[in-house]
Amino acid sequence: MIDLVGYAAFFLTTVLIFSLIGLGLNLQWGLTGLFNAGIAGFVAVGAYVSALLTTPETPDHLGGFDLPIVLGWFGAMMAAAAAAALIGFATLRLKSDFLAITTFGVSMVVHLVVLNAQSITGGTFGIGFIPRPFASLVETPLYFNLGNLAVVTAVTLVVFFSLEHLAHSPWGRVLKALREDERAAISLGKNARFYRTQAFALGGGIMGLAGAVQAHFVGYIAPDNYLPTLTFQVWVMLVVGGSGSNLGVVIGSLIVWAIWAGSGAMTGMLFAPEQQAHAASLQLVAIGVMLCVILLVRPNGIFGGASQLRDKKRNSPKGADGAGPSSSSSTEANAPTDRMPISKKY
Amino acid sequence: MQFVVDGLLSGSMIGLGAIGVTLTYSILQFSNFAHGDLMSWGTYATLIVVNAILQIMGPVGPLGPLSFGWPLLLAMISGMALTGLLALAIDYVLFARLRQKSEMIIIVMASFGASMALRSFLEFLFTGQPTYFSHAIQIATPIGLGIRITPDQAVLLAMTAVLLLAVHLMITRTQTGRSMRAVSQNAALARVVGIDVKRVIRVTWLVGGALACFSGIMIGVLLQIRPTMGLDLTLPMFAAAILGGIGSIPGAVIGGLIIGLTEAVAVEQIGAEWRIAVSFVILIAVLFIRPTGLFGVQER
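Residues numbered from 1 in each chain as written. Chains lettered and ligands numbered in written order. Predicted model: local features only at pLDDT ≥ 70, side-chain atom pairs only at ≥ 80, totals over all residues.

**Student:** Quick rundown of the overall build of chain B? Include the residues and the values.
**Tutor:** If you tally the helices and strands in chain B, you get eleven helices and two strands. In chain B, the succession of α and β elements from N to C terminus is α-α-α-α-β-β-α-α-α-α-α-α-α. In terms of C-alpha radius of gyration, chain B reaches 19 Å, essentially the compact-globule figure of 19 Å for 300 residues. Taken over 300 residues, chain B has a buried fraction of 51%. Taking the intrachain contacts of chain B between residues at least 6 apart in sequence as the baseline, contacts between residues at least 24 apart amount to 76%. (Helix = DSSP H or I, 4+ residues; strand = E, 2+ residues; numbered from the N terminus. Rg over C-alpha atoms; globule rule 2.2 N^0.38 Å. Buried ≥ 20, exposed ≤ 12 C-beta atoms within 10 Å, placed from the backbone. Contact = placed C-beta atoms within 7 Å.)

Encoded structure:
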């Protein structure tokens, strides 16, 4: 029973870390419509910066500055946000595809750097001895896991409510205005590139924070934690939950991670140990197909329908004037289109 | 001077793939992240056909000083056709449906998912271990200026040149090529003057898939065959297409050659492990300095 509670705490912590990354992505994609194809890169930047800042001094690689964990997290956020700001500055005046290609490149290059710059990042060996909150409780895994869960929950809640607040602030309204009708927003004197770069940087910073939180939760990081697979997982979580909704992100993370961990356990039971690497690639096939199917069938996500119901209700008085069901169905069909006007601008 | 040959070779691989990227981008209006995976699938398809021919015919000697015989040439043609058909199939199942109802960036995301599924399925079928078309070792012959080249390399470079000439003639001299250019410039107007846009899209996938497959075979013959070979080339291909200017086929090839040659210099001077970073640095530089690329036109 106690084992089960411990495992549940561990499971939920992982889900919440994914939710944190997803919240950053939702700010970039759901609210602002910016496609980030290199999530893993920003998460890795955060994880490595925080690890270097907080680990005890070591001859194996650079750093080991032995700073408090909170400073590590702050540094992680700043570094990832700076990287995102630079990328945003370079690409956001161009077509939206260029951001996708460049961020994809970022994740490749970050992986390359952490793998090869051994004197800074420890290379393939990664970085160990990352200080963990509640390390003194590690003898009793239950308390240790619950303590970590509490910390990660607190961080997620803070980010969640800050983002909800931001979305309804004047700043969030500008982003929404840019998304709904870019020309109108620009004609009101809003600098599209400036606002988008801010949103992209803030989203990148949240991803970096998530990477740092995870590094301190596990206590050890290595380059192969940050492969394109991570990017895919987060995207699927966002799309399943319905992009645009912060709550959807958390629910999507829960569902996708439950499927992922469950199917992992199943392949563990069904396949012989030497075939498990084999079976793991089938898991990835499934997640790729899942992403495509959702985009085809329910582009607003499995739970994206809820907000649309509300929209329909709001539209219904208009429907009584005669436009009727056709108007509400057309809003539904246009919903994914409305989200992304920037790609139409050329 | 050896970097010239190395650079031309990897530049050809990148450039051939970049043609497909630039064509899909200019005609279908999206950047296809699954293009590299067409390359890997084509190479494995060719490998299967080669092995099937060898099963039926028994051992076949190589052609002259080359490491491969006629089975590979035959398999190459069928592999290129199969890759084109695979591209058509993916378009039919996924991209065409999304084109009708979704925003372009959703298609980019779908190509991302498709890439993951395609690559992981190859890993499932063939494991992550590298395989080879042939285990024969080739002796490089000096051809002056301190450059050495193997017979395989020379023949593949010549074949690349022939393929590029064929594509160039097709785009500039045939009615199909004219239609493709028309659609890439203005799809709506092209439709108004009676161009069959669906046919143009089909030709685009067939050409892009076939060239990707040839590029993959080149990698397979000269280096090794792995499920991630396409993923590794995705960034260089995009960088080449953007450097050359989106929509320009000569641009894609020249962009590929520039990246290939720069990579070869970087490998000599800095170290092979930093190869991918070259594409990224060039990509960022182009985006800052001249986002339309070398031969690009200002977008409307």
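**Student:** I'd like to hear about the overall build of chain A, residue by residue, with values.
**Tutor:** A tally of helices and strands in chain A yields 13 helices and zero strands. Along its sequence from the N terminus, chain A presents helices and strands in the succession α-α-α-α-α-α-α-α-α-α-α-α-α. Here chain A holds 346 residues, and 46% of them are scored as buried. In chain A, the proportion of contacts linking residues at least 24 apart, taken out of those at least 6 apart, comes to 75%.

**Student:** Requested: an account of the interface of chain A and chain B, with residues and values cited.
**Tutor:** Counting residues at the interface gives 38 residues for chain A and 38 residues for chain B. Where the side of chain A that touches chain B is concerned, the elements lending two or more residues are helix H3 (69–91), helix H4 (96–116), helix H10 (228–241), helix H12 (276–297) and helix H13 (305–338) of chain A. When its residues are assigned to classes, the side of chain A that touches chain B shows 27 nonpolar, ten polar and one charged. (Nonpolar A, V, L, I, M, F, W, Y, C, P; charged D, E, K, R; others polar.)

**Student:** Can you break down the packing of helix H2 (residues 35–57) of chain B against helix H8 (residues 197–222) of chain B residue by residue, with the values?
**Tutor:** Residue and element names in this part refer to chain B. Interhelical geometry of H2 versus H8 gives an angle of 65° and a closest axis separation of 7 Å. For H2 against H8, the interelement crossing comes out right-handed. Of the residues in H8, those in contact with His35, Leu38, Met39, Ser40, Gly42, Thr43, Thr46 and Leu47 of H2 are Gly209, Ala212, Cys213, Ser215, Gly216, Ile217, Ile219 and Gly220. (Axes fitted to C-alpha atoms, helices over the stretch in contact; angles between N-to-C directions. Left-handed = near helix turned anticlockwise from the far one by under 90°.)

**Student:** Go over the confidence of the model for chain B with me, naming the residues and quoting the values.
**Tutor:** Looking at chain B as a whole, the pLDDT averages 87, with 99% of positions reaching at least 70. Scored as a whole, the predicted complex attains pTM 0.85, and scored at its interfaces, ipTM 0.87. (pLDDT = per-residue confidence, 0-100.)

**Student:** Requested: an account of the confidence of the model for chain A, with residues and values cited.
**Tutor:** As a note on interpretation, predicted positions should not be read in detail where pLDDT is low. Mean pLDDT for chain A: 79, with 84% of residues reaching 70 or above. Across residues 305–346 of chain A, confidence stays below pLDDT 50; counting only partners more than four residues off in sequence or on other chains, it has 45 contacts.

**Student:** Tell me about the environment of Pro141 of chain A, and please be specific about residues and values.
**Tutor:** Residues and elements named next belong to chain A. Of note, Pro141 is situated in helix H6 (residues 141–167). Residue Pro141 is classed as partly exposed on the basis of its 15 C-beta neighbours within 10 Å. The spacing of Pro141 and Phe10 is 131 residues in sequence and 9.7 Å in space, taken between C-alpha atoms.

**Student:** Describe in detail the nonpolar core, supporting the description with residues and values.
**Tutor:** In this structure, Leu20, Ile21, Val43 and Ala80 of chain A together with Ala110 and Ala241 of chain B are the most contacted members of the largest nonpolar core, which totals 181 residues. If sequence neighbours within four positions are ignored, Ala80 of chain A has contacts with Phe42, Val45, Gly46, Gly204, Gly205, Met207 and Gly208 of chain A. (Core = buried A, V, L, I, M, F, W, Y, C linked by C-beta atoms within 7 Å.)

**Student:** Describe unusual backbone geometry, listing the residues and the values that go with them.
**Tutor:** All names here are of chain B. Here Gln29, not a glycine, exhibits a phi torsion of approximately 65°, which is positive. By secondary structure assignment, the location of Gln29 is in the loop between helix H1 (2–28) and H2. Residue classification places Gln29 among the partly exposed residues on the basis of 17 C-beta atoms within 10 Å.

**Student:** Can you break down H12 of chain A residue by residue, with the values?
**Tutor:** End to end, H12 of chain A covers 31 Å across 22 residues, agreeing with the expected 32 Å (1.5 Å per residue, within 8%). If you check which residues of H12 of chain A are buried, you get Leu284, Ile287, Gly288, Leu291, Cys292, Ile294 and Leu295 of chain A. End-on view of H12 of chain A: buried residues confined to an arc of 165°, all on one side of the axis. In this structure, the buried residues of H12 of chain A make contact with H10 of chain A together with helix H3 (70–101) and helix H4 (104–126) of chain B. (Expected span 1.5 Å × (residues − 1). Arc of directions from axis to C-beta.)

**Student:** Please give an account of the packing of H10 of chain A against helix H11 (residues 246–270) of chain A that cites residues and values.
**Tutor:** Residues and elements named next belong to chain A. Contact geometry of H10 with H11 gives a least axis separation of 7 Å together with a crossing angle of 120°. Relative to H11, the element H10 is oriented oblique. Between H10 and H11 lies a crossing whose hand is right-handed. Taking contact as the criterion, the partners of Gln233, Val236, Met237, Leu238, Val240 and Gly241 in H10 are, on H11, Gly248, Val249, Ile251, Gly252, Ser253, Ile255 and Val256. Across the contact of H10 with H11, the residue classes tally to eight nonpolar, five polar and no charged. (Parallel < 35°, antiparallel > 145°, perpendicular 65-115°, else oblique.)

**Student:** Explain the environment of Pro65 of chain B residue by residue, including any values.
**Tutor:** Structurally, Pro65 of chain B can be placed in the loop between H2 and H3. For Pro65 of chain B and Ala210 of chain B, which are 145 residues apart along the polypeptide, the C-alpha to C-alpha distance reads 26 Å.

**Student:** Give me the lowdown on H4 of chain B, citing residues and values where you can.
**Tutor:** With 23 residues, H4 of chain B ought to run about 33 Å at 1.5 Å a step, and its terminal C-alpha atoms sit 33 Å apart, in line with that. Where burial is concerned, most of H4 of chain B is hidden: 18 out of the 23 residues are buried.

**Student:** Explain the environment of Met180 of chain B to me, and be specific about the residues and the numbers.
**Tutor:** All names here are of chain B. Structurally, Met180 is set in helix H6 (residues 175–185). The exposure class of Met180 is buried, given the 25 C-beta atoms found within 10 Å. Each C-alpha atom of the pair Met180 and Ser26 lies 9.4 Å from the other, and the pair is 154 residues apart in sequence. Not counting chain neighbours up to four residues away, the residues in contact with Met180 comprise Ile27, Ile171, Val200, Val203 and Thr204.

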